[in-house]
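# Chains, contacts and geometry: an overview
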Amino acid sequence: QVQLVESGGGSVQTGGSLKLSCTASGRIFRSCRMAWYRQAPGKERELVSDINSDGTTTNLDSVKGRFTISQDNAKNTIYLQMDNLKSGDTAVYYCAADAGRANCFSRNRYWGQGTQVTVSS
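Everything quoted here is computed from the prediction, not taken from an experiment.

### Some points on the sheet that holds strand 3 (residues 18-26)
In spatial order, the strands read 1-3-8-7; together these four strands make up an open sheet with antiparallel pairing. Lying at the two open borders of the sheet, with one neighbouring strand each, are strand 1 (2-7) and strand 7 (67-72). Across this sheet, the average inter-strand angle for adjacent strands is 15°, counted without regard to direction. The pairing of strand 7 with strand 8 (residues 77-82) spans six bridges and is antiparallel.

So, in structure tokens, the structure goes:
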């Protein structure tokens, strides 16, 4: 099994920055995709950004130009640099990893416990 641990959350004023990290451990086998999701109170969990093993990324439209996902494969870690934070970014941020055994055609989804990001005006 894969274990994911997030860190870097906290409270920040509007316009501030935070950098989240997520480190994977355990029986990773093959990392196919890693992602950041978030869930605000009363809302469904949504995909914020993801990164594939080839380095290609996607971003939620509302965070484009402000958030940047990156990875360090040697450390089994992904990051989410969040700049110019807005009150709408307040949420619990979850790391997710899609991992396969021999290939990425059949994957398992693993979740971290989440880290709180609070943006105040």
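After that view, the rundown keeps rolling.
### With respect to the state of the cysteines
Scanning the entire structure with this criterion turns up two disulfides. Between the sulfur atoms of cysteine 22 and its disulfide partner cysteine 95 the distance amounts to 2.0 Å. On the sign convention where negative is left-handed, the bridge of cysteine 22 and cysteine 95, at about -80° about the S-S bond, is left-handed. Of this pair, cysteine 22 sits in strand 3 while cysteine 95 is found in strand 9 (residues 91-100), placing the two residues 73 residues apart along the sequence. A sulfur-sulfur distance of 1.9 Å marks the disulfide that ties cysteine 32 to cysteine 104. Of note, the bridge from cysteine 32 to cysteine 104 carries an S-S torsion of about -95° and is left-handed in sense. With cysteine 32 in strand 4 (residues 30-39) and cysteine 104 in the loop between strand 9 and strand 10 (107-111), this pair connects stretches of sequence that are 72 residues apart. Exposure remark for cysteine 32: the relative accessible area of 4% places this residue in the buried category. Looking at the protein chain, its bonded cysteines, counted consecutively from the start of the sequence, adopt the pairing 1-3, 2-4.

The rules behind these values
- Residues numbered from 1 in each chain as written.
- Predicted model: local features only at pLDDT ≥ 70, side-chain atom pairs only at ≥ 80, totals over all residues.
- Heavy atoms only, no water.
- Pairing = 2+ DSSP bridges.
- Helix = DSSP H or I, 4+ residues; strand = E, 2+ residues; numbered from the N terminus.
- Axes fitted to C-alpha atoms, helices over the stretch in contact; angles between N-to-C directions.
- Disulfide = S-S within 2.5 Å.
- Buried < 20%, exposed > 50% of the residue type's maximum accessible area, 1.4 Å probe, protein only.

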